[in-house]
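Examination of the molecular architecture
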Amino acid sequence: MEIVAVPVLSDNYAWLVHDDASGATVAIDPGEAQPLIDAAAARGWTITAIWNTHWHADHVGGNAALKAATGARITGPEAERAKIADMDDGVGEGAMLFVGDHQAQVWAVPGHTAGHVAFHFADDGVIFTGDTLFAMGCGRLFEGAAAEMFCNMARYADLPADTRVYCGHEYTLSNARYAAQAEPDNAAILERLAAVQAMRERGEATVPTTIGAERATNPFLRAETVGELARHRSAKDAF
Ligand code: FE
Ligand code: ZN
């Protein structure tokens, strides 16, 4: 299974997930269509499906044009069907999706939006977290409570340390600066802040990350209580 980051809009990542054996190529969270069409064409791939983690425009804005160009079906959270135009297949907790033979389990991870889902490829050690878990951060609580995001973070934290985390935005530098202030004695955070600064200066993407790295450096995933996560969330909102 090959995964390609496609930068869209100002700081979003859409993803192409490709299985060579079957030729299946899934576009995850296409905030725009053309960059995904170009990225697929450059590799000789044809987009066969579109998956959305949540209804926000920066994740679904390319759905219609991509569907028109490829005929791909759109899969998204059933709970957000009314907010995602042209959605074909609605999914929720426990649903199984496939990229060729590669199986993804759908996780319901509410909080950023009420119906937000993640896609977990357990056998591949990969999870697409949309706007819930970010590198060194977590999504804002637009349609949910800190308790929900706390449950999501606990669930992510239980994944194997080498699980690769593909999130929806390049927010790592801002998250790292907040983390360094929130946990000034955490050497792993200070080290990662320096590394992330250098990567961004070189114009490099800082994602994917891993669950192991997040356990060591993400204050939201490291929060031991709902209250602690809630305090981090309000502080980061104002940071
Ligand atoms: Fe969002
Ligand atoms: Zn977003």
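Look a little higher up for the structure.
What you see is a predicted model, and the numbers here were worked out from it, not measured in a lab.

The rules behind these values
- Residues numbered from 1 in each chain as written.
- Chains lettered and ligands numbered in written order.
- Predicted model: local features only at pLDDT ≥ 70, side-chain atom pairs only at ≥ 80, totals over all residues.
- Heavy atoms only, no water.
- Donors = N, O, S within 2.8 Å, 3.2 Å for Na, K, Ca; no water.
- Tetrahedral: all angles 85-135°; square planar, octahedral: opposite > 155°, others 65-115°.
- Buried < 20%, exposed > 50% of the residue type's maximum accessible area, 1.4 Å probe, protein only.
- Pairing = 2+ DSSP bridges.
- Helix = DSSP H or I, 4+ residues; strand = E, 2+ residues; numbered from the N terminus.
- Axes fitted to C-alpha atoms, helices over the stretch in contact; angles between N-to-C directions.
- Parallel < 35°, antiparallel > 145°, perpendicular 65-115°, else oblique.
- Left-handed = near helix turned anticlockwise from the far one by under 90°.
- Contact = heavy atoms within 4.5 Å.
- Nonpolar A, V, L, I, M, F, W, Y, C, P; charged D, E, K, R; others polar.
- Expected span 1.5 Å × (residues − 1).
- Polar contact = N/O pair within 3.5 Å; in protein donor to acceptor, adjacent residues only side chain to side chain.
- Core = buried A, V, L, I, M, F, W, Y, C linked by side-chain atoms within 4.5 Å.
- Salt bridge = Lys/Arg side-chain N within 4 Å of Asp/Glu carboxyl O.

In this section: the coordination of the iron ion (ligand 1). Expected angles at a metal are 109.5 degrees for tetrahedral coordination by four donors and either 90 or 180 degrees for octahedral coordination by six donors. Surrounding the iron ion (ligand 1) are the protein donor atoms H54 (NE2), H56 (ND1), H112 (NE2) and D131 (OD), which sit 2.2 to 2.4 Å from the metal. Each of the four donor atoms bound to the iron ion (ligand 1) contributes to angles spanning 85 to 177 degrees, and the resulting shape is irregular. Within one chain, the residues donating to the iron ion (ligand 1) are spaced in sequence as H-x1-H-x55-H-x18-D. A separation of 3.1 Å is found between the iron ion (ligand 1) and the zinc ion (ligand 2), which are bridged by D131. Taking relative accessible area as the criterion, H56 reaches 12% and is therefore assigned buried.

Let us look at the sheet that holds strand 3 (residues 25-28). An order of 1-2-3-4-5-6 is seen for the six strands of this open sheet, with the pairing classed as mixed. At either margin of the open sheet sits one strand with a lone partner, and together these are strand 1 (2-8) and strand 6 (89-91). The mean angle between the axes of side-by-side strands here comes to 25 degrees, regardless of whether they run parallel or antiparallel. In terms of strand pairing, strand 3 meets strand 4 (residues 49-51) through three bridges, oriented parallel. Note that in strand 4 the partner of I28 across the bridge is W51.

Attention now goes to the packing of helix 5 (residues 172-182) against helix 9 (residues 226-237). Packed helices, taken two at a time, are described by their axes: the angle between them and the distance between them. The interhelical angle for the contact between helix 5 and helix 9, taken along N-to-C directions, is 125 degrees, at an axis separation of 11 Å. Classified by the angle their axes make, helix 5 and helix 9 are oblique. Seen along the crossing, helix 5 lies across helix 9 with a hand that is right-handed. Contact with helix 5, carried on its side by S174, N175, Y178 and A182, involves R231, H232, A235 and K236 of helix 9 and no other residues of that element. Residues of the contact of helix 5 with helix 9, tallied by class, amount to three nonpolar, three polar and two charged.

The next subject is the pairing of strand 7 (residues 96-99). The alternating pattern of strand 7 places L97 and V99 on a buried face, while none of M96 and F98, on the opposite face, is buried. The hairpin formed by strand 7 and strand 8 (residues 102-108) contains two residues between the paired strands, and G100 there has a positive phi angle of roughly 60 degrees.

Quick look at the sheet that holds strand 7 now. The strands making up a sheet are joined through hydrogen bonds of the backbone, oriented either antiparallel or parallel. The strand order 7-8-9-10-13-14 describes an open sheet built from six strands, whose pairing is mixed. Only two strands of the sheet have a single neighbouring strand rather than two, namely strand 7 and strand 14 (209-210). Sheet topology note: the strand 7/strand 8 ladder contains four bridges and is antiparallel. Bridge pairing in strand 8 places M96 opposite Q105. The strands that helix 4 (residues 146-157) touches are strand 8, strand 9 (117-121) and strand 10 (126-130); relative to strand 8, the one it contacts most, it runs at about 150 degrees.

Quick look at helix 9 now. Its twelve residues give helix 9 an end-to-end C-alpha distance of 16 Å, which sits within 8% of 16 Å, the value for a rise of 1.5 Å per residue. Next to the buried residues of helix 9 lie strand 12 (137-138), helix 4, helix 5 and helix 8 (219-222).

Looking at the zinc ion (ligand 2), the protein donor atoms are D58 (OD), H59 (NE2), D131 (OD) and H169 (NE2), and they sit 2.0 to 2.3 Å from it. Coordination geometry of the zinc ion (ligand 2): the four donor atoms subtend angles of 85 to 166 degrees at the metal centre, consistent with an arrangement described as irregular. Every donor residue of the zinc ion (ligand 2) comes from the same chain, spaced as D-H-x71-D-x37-H.

Turning to the environment of D88, a few remarks are in order. Its place among the elements puts D88 in the loop between strand 5 (73-77) and strand 6. Between the C-alpha atom of D88 and that of A27, which follows or precedes it by 61 residues, the distance is 15 Å. Residue contacts for D88: discarding those within four places in its chain leaves K67, A72, R73, I74 and R81. Side-chain polar atoms of D88 contact the backbone nitrogen of I74, separated by 2.8 Å.

The tendency in soluble globular proteins is for nonpolar side chains to be buried as a group. Formed by 24 residues in total, the largest nonpolar core has its most connected members in W15, I28, W51, F119 and F128. Looking at this core, the elements that each hand over two or more residues are strand 2 (12-18), strand 3, strand 4, strand 7, strand 8, strand 9, strand 10 and strand 13 (164-167). Excluding residues within four positions of it along the chain, F128 makes contact with I3, W15, V17, I28, A118, F119, F121 and Y166.

Under the defined criterion, the tally for this structure stands at eleven salt bridges. Close ionic contact of K83 with E143 constitutes a salt bridge, the shortest N to O distance being 3.5 Å. Highlighted residues: K83 in the loop between strand 5 and strand 6 and E143 in the loop between strand 12 and helix 4, separated in sequence by 60 residues. E214 is paired through a salt bridge with R192; the nearest N and O atoms lie 2.8 Å apart. One end of the pair, E214, is in helix 7 (residues 211-217); the other, R192, is in helix 6 (residues 187-201), with 22 residues separating them in the sequence.

Function cannot be read off these values alone, since they describe shape.
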